[in-house]
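Structure at a glance
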Amino acid sequence: MLEIKDICFKRNNKIILDHITLQLHDDKFYVITGPNGSGKSTLAKIIMGLEQPDSGTILLNGQDITRKSVDERAKMGLAFAFQQPVRFKGITVLDLLSYASNEKLDRQKACAILTKVGLCAKEYVDREVNASLSGGELKRIEIATVLARKPSVAIFDEPEAGIDLWSFQNLTNVFAKLQQENKITTLVISHQERILNIADNIILLEKGQIKKMGSKEDVLPNILRKAKCCAKGSDKDE
Ligand SMILES: Nc1ncnc2c1ncn2[C@@H]1O[C@H](COP(=O)(O)OP(=O)(O)OP(=O)(O)O)[C@@H](O)[C@H]1O
Ligand SMILES: [Mg+2]
């Protein structure tokens, strides 16, 4: 279980995360949603150790990991796919997946992972992870690194970004399968109804605070109603 206890994060006098407390159980699929700038990516980075909170603690299966490095957390089973993946000049896709999986992956295994994220594996396995990759290709490779890691906690930050709608449904299935087959904790940050629809629990973050949290049945209708109201230029239901 991943426990986030009373996390606060403030930068330039702006409160970005305001006393966030969450318990993420094994074998559950969580989606964090909320407006731009509400603190979703910051929370994910704090869980992964890419940012340090000003106060609060993070426990993984009872062990305090708040001061542990990204590498240590990765070894403990946490994996994170960035909202905006980084390019690595001179590193091939095969190298990157091998690094992620912590073993020398053979081409066959690497190709099997690339196929899962909808890439024609043979075409990509020897490509460099550089600027020649399109945004959607890079995003899929980033998601593939999380699959390669075989994590116990998988965090995906807006996996829909840059992925065409036609193949996004397939990716949704990949997340669901990863979660069900490996009984892991999955945490996806998303604005996509398709992802919200497969969540066990939805967390709505607004202005650095948890506005709502609960089952999909409890939270999703409210979010969709609000989105419809906003689209009509009216937001009077809250
Ligand atoms: N290190 C930092 N220094 C200053 N401001 C920061 C820092 N990190 C995050 N912020 C600010 O905190 C707020 C939350 O950022 P964050 O990236 O977590 O939002 P988000 O919910 O992921 O938004 P989006 O939906 O656009 O991805 C933003 O206003 C951002 O500019
Ligand atoms: Mg974000």
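Worth saying up front: this structure is predicted, and the values here are computed from it rather than measured.

**Points about the coordination of the magnesium ion (ligand 2)**
Looking at the metal site, the magnesium ion (ligand 2) is ligated by Ser41 (OG) and Gln83 (OE1), spaced 2.0 to 2.2 Å from it. Pair noted here: serine 41 is in helix α1 (residues 40–48) and glutamine 83 is in the loop between β6 (78–81) and β7 (88–92), with a separation of 42 residues, a long-range link. The class for serine 41 is buried, based on a relative accessible area of 17%. By relative accessible area, which is 30% here, glutamine 83 ends up partly exposed.

**Structural notes on the site of ligand 1**
What surrounds ligand 1 is a group of 16 residues, the closest being Lys14, Gly37, Lys40, Ser41 and Thr42. A distance of 2.7 Å separates an oxygen atom of ligand 1 from a polar atom in the side chain of lysine 14. A distance of 3.0 Å separates an oxygen atom of ligand 1 from a polar side-chain atom of glutamine 83. When ligand 1 sits alone it has 640 Å² of accessible area, and the protein chains cover 68% of it. Residue classes in the shell around ligand 1 are distributed as 2 nonpolar, 9 polar and 5 charged.

**So, helix α6 (residues 135–149)**
Owing to its 3.6 residues per turn, the α-helix aligns residues three or four sequence positions apart on the same side. Here α6 contains 15 residues, and its C-alpha end-to-end distance of 22 Å stays within 8% of the 21 Å for a straight helix at 1.5 Å per residue. Burial of α6 is extensive: 13 of the 15 residues sit out of reach of the surface.

Criteria and cut-off values
Every chain's residues receive numbers from 1 upward, in the order its sequence appears when written. Numbering of ligands from 1 and lettering of chains from A proceed in the order in which they are written. Given that the model is predicted, a residue must reach a pLDDT of at least 70 before its local features are reported, and side-chain atom pairs must reach 80 or more before they are shown or counted; all residues, however, enter totals for whole chains, interfaces and linings. For side-chain calculations, the full set of non-hydrogen atoms in the structure is used, while hydrogens and water are omitted. Each metal's donors are the N, O and S atoms found within 2.8 Å of it, except that Na, K and Ca use a 3.2 Å limit; water is left out, so coordination can look incomplete. A run of H or I in DSSP becomes a helix once it reaches four residues, and a run of E becomes a strand once it reaches two; helices and strands are each numbered from the N terminus. When a residue's accessible area, from a 1.4 Å probe over protein chains only, is under 20% of the maximum for its type it is buried; when over 50% it is exposed; and in between it is partly exposed. Near is defined per residue: the residue qualifies when any heavy atom it owns lies within 4 Å of the molecule or strand. Under this definition, polar contacts are N or O atom pairs within 3.5 Å; protein pairs additionally need one hydrogen-donor-capable and one acceptor-capable atom, and for neighbouring residues in sequence, both atoms have to be side-chain atoms. Each accessible area is a Shrake-Rupley estimate made with a 1.4 Å probe; only the visible protein chains count as cover when residues are assessed. Each residue gets one label: Ala, Val, Leu, Ile, Met, Phe, Trp, Tyr, Cys and Pro are nonpolar, Asp, Glu, Lys and Arg are charged, and the others, such as Gly, are polar. Under the convention used throughout, the expected extent of a helix is 1.5 Å for every residue step, that is, one less than its residue count.

It is worth stressing that arrangement in space is one thing and function is another; only the former is reported here.
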